[in-house]
Amino acid sequence: MIDLSTNYLGINLRNPIIVASSGMTSSAEKIAECEKAGAGAVVIKSLFEEQINLETAEMMKSMDYTAHTDAFDYFTGTSKHQHIDEYVELIESAKSRVSIPVIGSVNCVSPGSWIEYAGRLEKAGIDALEVNVFIMPADAEQDSSSIEDRYIAILREIKRHVSVPVSLKIGPHFSGLANVIKRFENNGANGVVLFNRFYRPDVDIENMKIIPAKVYSVQQEISLSLQWIALLSGELDIHFAAATGIHDGKGVIKQLLAGARATQLCSTLYRNGISHIQRILVEVEEWMNRHNFRTIDEFRGKLSRENVKNPEIFERSQYIKALVGIS
């Protein structure tokens with residue numbers, strides 16, 4: 001009998017498939033569909049700090065409270081409360097309808113007072129909290145350590161307000177990625193999701209304007225997270241979840257072999273529908289049967305750096321003919 005269960009962030013999941021924060025997890029009805037399709041957990045569509053601040057600012061533009069600061073503070077606070085109230089209602093509704101773990105998600109760029117609301121999300125019933133942080137390292141006057149310190153400040157403030165497990169979903173834009181993930185672990189992070197797929201620009205050369213690049217990931221994008229999870233999963237105790245470029249059962253298996261505890265799916269479900277989860281689970285089960293594995297723990301990390309004969313294959317960034325056959 002195949003056992004697909006896994007432990008991620010200290011939470012037992014029936015399988016390693018997590019539906020990522022997206023439109024597919026934006027309502028209790030859609031979350032229930034994810035559970036029915038076989039998902040092991042869901043990450044509720046993110047609560048965006050920047051969106052809240054922008055919408056609040058837009059509302060305030062039409063009002064003149066310059067002479068009434070108390071009124072300004074009141075309406076600003078009311079706007080923010082409304083967003084949090086709606087998000088709490090979504091969590092409570094989802095928790096009442098599904099039995100799989102429901103992970104809350106906040107998208108932020110600063111350790112502001114809004115983090116105090118994280119405690120409300122915990123009270124609403126989230127099983128864990130995913131903190132989606134991206135600080136664009138585009139300021140030439142700001143060094144890497146100061147940017148990393150901002151991530152740590154956000155993490156510490158979050159941990160002050162919640163007792164549920166906390167993971168950080170990050171991008172690859174760090175000069176010392178291994179060290180910063182170790183710092184996350186040392187400052188209380190239970191897990192890290194590699195990697196977030198941020199907005200990507202393209203150029204319309206005929207109209208000479210910036211346009212969005214393709215929204216959905218492609219399978220080739222799996223390589224980056226695969227490399228880093230293989231490098232670090234055996235070295236650090238923090239739990240790794242893989243994201244971006246995972247489109248089928250093969251992708252899930254690759255990440256588990258590298259050492260991931262779970263995999264987050266998004267683009268492939270938009271393309272193929274929520275029911276694609278079942279096909280992926282069948283592929284994983286069939287592969288486990290062929291290789292005589294009964295549990296994921298039997299092969300998790302089998303191809304991490306510490307378990308392969310040629311660990312340098314994960315560390316080199318240039319072609320190595322002896323290892324990959326390309327000169």
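Preceding this paragraph is the structure being described.
This text gives an overview of the structure that appears in the document. (Residues numbered from 1 in each chain as written. Predicted model: local features only at pLDDT ≥ 70, side-chain atom pairs only at ≥ 80, totals over all residues. Heavy atoms only, no water.)

### Quick notes on the overall build of the protein
Each helix and strand in the protein was counted, giving 11 helices and 13 strands. Put simply, the protein has 327 residues, and 49% of those count as buried. Sequence-distant contacts in the protein: of pairs separated by 6 or more residues, those separated by 24 or more amount to 70%. Carbon and sulfur atoms form 50% of the exposed surface of the protein, whose accessible area is close to 16500 Å². (Helix = DSSP H or I, 4+ residues; strand = E, 2+ residues; numbered from the N terminus. Buried < 20%, exposed > 50% of the residue type's maximum accessible area, 1.4 Å probe, protein only. Contact = heavy atoms within 4.5 Å. Areas by Shrake-Rupley, 256 points an atom, 1.4 Å probe, with all protein chains shown as cover.)

### Quick notes on the side chain of glutamine 264
For glutamine 264, the location among the structural elements is in strand β13 (residues 262–265). Residue glutamine 264 is classed as buried on the basis of its relative accessible area of 4%. Here glutamate 130 takes part through its side chain, which lies 2.7 Å from a polar atom of the side chain of glutamine 264. Polar side-chain contacts of glutamine 264 include one of 3.2 Å to the side chain of lysine 169. Excluding residues that lie within four positions of it along the chain, glutamine 264 makes contacts with Ile18, Ala20, Val43, Glu130, Lys169, Val193, Ala242, Ala243, Thr244 and Ile246. (Polar contact = N/O pair within 3.5 Å; in protein donor to acceptor, adjacent residues only side chain to side chain.)

### Some details on the packing of aromatic side chains
Taken as a whole and assessed by the stated rule, the structure comprises 5 aromatic pairs. Taking the centre distance of 6.3 Å and the plane angle of 35° together, the rings of tyrosine 151 and phenylalanine 184 count as tilted. Placement of tyrosine 151 in helix α5 (residues 144–161) and of phenylalanine 184 in helix α6 (residues 177–186) is noted, with a sequence separation of 33 residues between them. By the burial criterion, tyrosine 151 is buried, and phenylalanine 184 matches it. These aromatic residues form a ring-pair network of at least three members: Tyr151, Phe174 and Phe184. (Phe/Tyr/Trp six-rings, centres within 6.5 Å; stacked < 30°, edge-to-face > 60°.)

### Thoughts on the nonpolar core
In terms of nonpolar packing, the biggest core is built from 85 residues, with Val131, Ile170, Ile181 and Phe184 touching the most fellow members. The contact partners of phenylalanine 184, leaving out residues within four places of it in the chain, are Tyr151, Ile152, Leu155, Leu168, Ile170, Ala189 and Ile238. (Core = buried A, V, L, I, M, F, W, Y, C linked by side-chain atoms within 4.5 Å.)

### As for α5
For α5, which comprises 18 residues, the first-to-last C-alpha distance of 27 Å matches the rise-based estimate of 26 Å (1.5 Å per residue) to within 8%. All buried positions along α5 are accounted for by Ile147, Glu148, Tyr151, Ile152, Ile154, Leu155 and Ile158. The buried side chains of α5 occupy one side of the element, clustering within an arc of 155° when seen end-on. Of the exposed residues in α5, those oriented more than 90 degrees away from the buried face are Arg156 and Arg160. Contacts from the buried residues of α5 go to β6 (102–108), α4 (118–124), β7 (128–133), β8 (166–170) and α6. (Expected span 1.5 Å × (residues − 1). Arc of directions from axis to C-beta.)

### Some remarks on the packing of helix α7 (residues 222–232) against helix α8 (residues 249–258)
Direction vectors running N to C along α7 and α8 enclose 25°, while the axes themselves pass 8 Å from each other. On the basis of the axis angle, α7 is roughly parallel to α8. Side by side, α7 and α8 meet where Ile222, Ser225, Leu226, Ile229 and Ala230 of the first sit next to Gly251, Lys254, Gln255 and Ala258 of the second. Across the contact of α7 with α8, the residue classes tally to 5 nonpolar, 3 polar and 1 charged. (Axes fitted to C-alpha atoms, helices over the stretch in contact; angles between N-to-C directions. Parallel < 35°, antiparallel > 145°, perpendicular 65-115°, else oblique. Nonpolar A, V, L, I, M, F, W, Y, C, P; charged D, E, K, R; others polar.)

### Examining the environment of glycine 249
With respect to the helices and strands, glycine 249 occurs in helix α8. Residues glycine 249 and histidine 276, 27 residues apart in the sequence, show an inter-C-alpha distance of 10.0 Å.

### Digging into the packing of α5 against α6
Running from N to C, α5 and α6 point in directions that differ by 20°, and their axes come no closer than 10 Å. With respect to α6, the element α5 is oriented roughly parallel. Regarding α5 and α6, the two cross each other, and that crossing is right-handed. Contacts between α5 and α6 involve Glu148, Asp149, Tyr151, Ile152 and Leu155 from the first element and Val180, Arg183 and Phe184 from the second. Considering only residue class, the contact of α5 with α6 consists of 5 nonpolar, no polar and 3 charged. (Left-handed = near helix turned anticlockwise from the far one by under 90°.)

Keep in mind these numbers describe shape, not what the thing actually does.
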